[in-house]
Structure formats: structure tokens, C-alpha cells
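# Examination of the molecular architecture
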Amino acid sequence: MESTIRNAIKGFLKINLDINPVCFSVLERYPEDGYERLLISYQSHDDDVIPAYLLLPEGEGPFPAVIVHHQHNGERHLGKSEVCGLIGDPYQAFGPALAKNGFVVLAPDSICFEDRRKNCKGTKVDEDNDWMQHYNEMCYRTIQGDTLMRKVTEDASIGVSLLYHHPLVDQSRIGTLGHSYGGNTVNFLAALDERIQYACSSGAASTFKARMDRDVGIEMASVIPGFTQQFDLEDLFLSIAPRKILILSADEDKYSKDADEIENKIKNMLKNQDISWLQHKRFSGKHALTEERFLYILDWMVKNSRQD
């Protein structure tokens, strides 16, 4: 079932996943406690430059690897730098924590964030222009029969290829992680790229139907014309099976409010089948990550990166 749904979603989005080795340039190197942080850049399919931080742990490897997708939070001036703990919410700084636990970590800027903004680079706020660029990136693709989610997912798959072919990485232990907007990216990437073996999607477990019923906003990359006529979030999760996914939700989080319903629907669809690949952890509280959730995610990623 999972391969049929996966192929249908790939075809619907016109996804061309990258599987080839990725050439990247090292722009700067920073020694850190227990790892080295490299500022790198590489090309997208349409020759867009993707800046990222690559964190390399001490030792010879091979290491497990994770591509971490940053949140949105209306702060398009923050991307890879927040993931690496250089600025922003400390509970988004999964990069250093994972690197110190022996992971190779890739933290790219998503299109329209941080150094992928047209009017302003770095972490300087430029709210009006940032919003307009993001809106235009969605609109220009939509009127051409394309989607921003296709672009975001393909860019993410290039990051997976970079890790997959890196000499320090164990190809059988590549995962992905993200919260909110990053969680949305995880949902599509993990569903469609079978090289991802374990994934954590935090604060991003609400179906399109539930969002519309509850007047909850839909992020620009998730505006996919006609998607709900054939699919919804449970189809993405089904496409991940039997690879592992952790869904994190919170009882007051409108962006993951119906995670229980999604889990139960999948269980009903797969009666008498092993669904241990799907794990759901529900917390008390609102959308933002907390120390408790941060540590839970970190522990889960470490445990599920290990070879049986």
C-alpha cells in the first residue's frame, strides 16, 4: 500500500528526487565543542544556491546523519542559524545536540529564509520584503501549474543526497527532523524519499480537512491545488511505513490538534498489521517546543539511529 500511495503523491506533485552525489563548497569553518561547523553551499535543480551548515562530529565514522529543517514562526530571517544555536529559540538548536551525540548534521536554509532571501541576507529582519518574496514564490509556481511544496521537497532531497554520499555517513542511518514548518517538510520528505530511515515531525500533525474545519492557517508551501481531492496527511504517514516516524503533538496546539485522530485512522486502516513504525507522543501545552519535548526528540533520534 505504502509504495502505491507514495508513487501517486510523487506523480501528483511532479517530484524529481535527487539521488546523485552533491558537489558543495566549503565557505567557512568553525571549531566547536565536540564537532566542527562548516558553512557550505550547493545547487538546487534550478541552479538556486542553497546555503547550509554541515556539522561534523569528532571521530572517523561512519556516523548516522540527520537533515534538520528549521521552523517558520513568522521569522524568515532565521533558518540554519537557529538550528545551530547561533540565534533564536534554544529549543530549536538540535544541530549542536545531535553533533555532540555523534551525528553528521545538515541544516539548510529553506527557500525564502535567512540567506535565501532576495532583499536581505543573514539574520537581519526585513519582514515586509520577506513576506512578499515568500508569497510570490508560491504564486508564481501556482499559476504555472507547479507548487512551492515540490520545490521545498526537491531541495530537501538534495540535502539527503549530500549526506548519503558523504564519506563520514552511514547510508543506512539517515534521518530527518523538524518542527512546525520543518515538520511539514519532514512529512513530505520522509514519505517520498526512501533513503530516510527515521523521522520526527513535531507540531505538524493536522490534516488539511481539520485545518479548514477549524479555520487554521495553511503555510504557503502547503498550498497545493487539488491535493485534498486525492490525499491528506494520513497518506503521507502511510507512505513512510515501515520506516520509523515519531509524531509529536500538544493538546493546545492547533497545528497538531487532530494527531490522535490521524493515528487512530491509520490503525483502523491497517488492522492486524504491525504499526510499530508509527509512534505518537502527545504533550500538554501549546505549539512552541519546550525543554521536555526537545530532550524527548533528541533521545528518540539517538535511539532510532542505532543499527539493530
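Right above here is the structure, for reference.
Here's what I pulled together on the structure shown here. (Residues numbered from 1 in each chain as written. Predicted model: local features only at pLDDT ≥ 70, side-chain atom pairs only at ≥ 80, totals over all residues. Heavy atoms only, no water.)

## Brief notes about a nonpolar patch on the surface
A contiguous nonpolar surface patch, about 280 Å² in accessible area, is contributed by W131, M132 and Y135. Relative to the helices and strands, M132 is located in helix 4 (residues 127-142). What makes M132 partly exposed here is its relative accessible area of 39%. (Patch = residues over 30% accessible without salt bridge, like charges linked within 9 Å, V, L, I, M, F, W, Y side chains within 5 Å. Areas by Shrake-Rupley, 256 points an atom, 1.4 Å probe, with all protein chains shown as cover. Salt bridge = Lys/Arg side-chain N within 4 Å of Asp/Glu carboxyl O. Helix = DSSP H or I, 4+ residues; strand = E, 2+ residues; numbered from the N terminus. Buried < 20%, exposed > 50% of the residue type's maximum accessible area, 1.4 Å probe, protein only.)

## Thoughts on the layout of surface pockets
Looking at the largest pocket, its volume works out to about 270 Å³. Surrounding the largest pocket, 17 residues form its lining, H72, S180, Y181, E219 and Y255 being those nearest its centre. Split into classes, the residues belonging to the lining of the largest pocket amount to five nonpolar, nine polar and three charged. (1 Å grid on protein atoms, 1.4 Å probe; cavity = no way out; pocket = protein on both sides within 12 Å on 5 of 7 lines; lining within 4 Å. Points joined across faces, edges and corners; volume = space filled by probe spheres on them. Nonpolar A, V, L, I, M, F, W, Y, C, P; charged D, E, K, R; others polar.)

## Thoughts on helix 8 (residues 233-240)
By the criterion of burial, helix 8 is predominantly enclosed, with eight of the eight residues buried. Residues of helix 8 that are buried include every one of L233, E234, D235, L236, F237, L238, S239 and I240, and no others. Those residues of helix 8 that are buried lie in contact with helix 1 (2-13), helix 6 (181-192), strand 8 (244-250) and helix 9 (259-269). (Contact = heavy atoms within 4.5 Å.)

## A word on the pairing of strand 1 (residues 25-32)
Pairing analysis gives seven bridges linking strand 1 to strand 2 (residues 35-43), with the strands arranged antiparallel. Bridge pairing in strand 2 places Y30 opposite R37. Hairpin remark: strand 1 followed by strand 2, antiparallel, with two residues in the connecting loop; positive phi at G34, about 90°. (Pairing = 2+ DSSP bridges.)

## Quick look at the side chain of H179
Within the fold, H179 resides in strand 6 (residues 169-179). Relative accessible area serves as the criterion here: at 2%, H179 is assigned to the buried category. Within the structure, H179 has its side chain in polar contact with the side chain of S202 (distance 2.8 Å). Not counting residues within four places of it along the chain, the set of residues in contact with H179 comprises H69, H70, Q71, Q92, S202, G203, H287, A288 and L289. (Polar contact = N/O pair within 3.5 Å; in protein donor to acceptor, adjacent residues only side chain to side chain.)

## As for empty space enclosed by the protein
In total, this model carries three cavities of 30 Å³ or more according to the counting rule given. By volume, the largest cavity amounts to about 130 Å³. In terms of lining residues, the largest cavity is bounded by 15 residues, among which H69, P108, D109, S110 and V152 are the most central. Contributions of two or more residues to the lining of the largest cavity are made by strand 4 (63-69), helix 5 (148-164) and helix 6. Here the lining of the largest cavity takes three residues from helix 5, the largest share from any one element. Tallied by class, residues from the lining of the largest cavity come to eight nonpolar, four polar and three charged. Considering only enclosed or pocket space, the second largest cavity measures out at about 100 Å³ in volume. Every residue along the wall of the second largest cavity is listed here: N184, N187, F188, A204, S206, F208, R211, I218, S222, L233 and L236. For the lining of the second largest cavity, the secondary structure elements donating two or more residues are helix 6, helix 7 (208-213) and helix 8. Take the lining of the second largest cavity: its biggest share by element is three residues, from helix 6. When the residues that make up the lining of the second largest cavity are grouped by side-chain class, the tally is six nonpolar, four polar and one charged.

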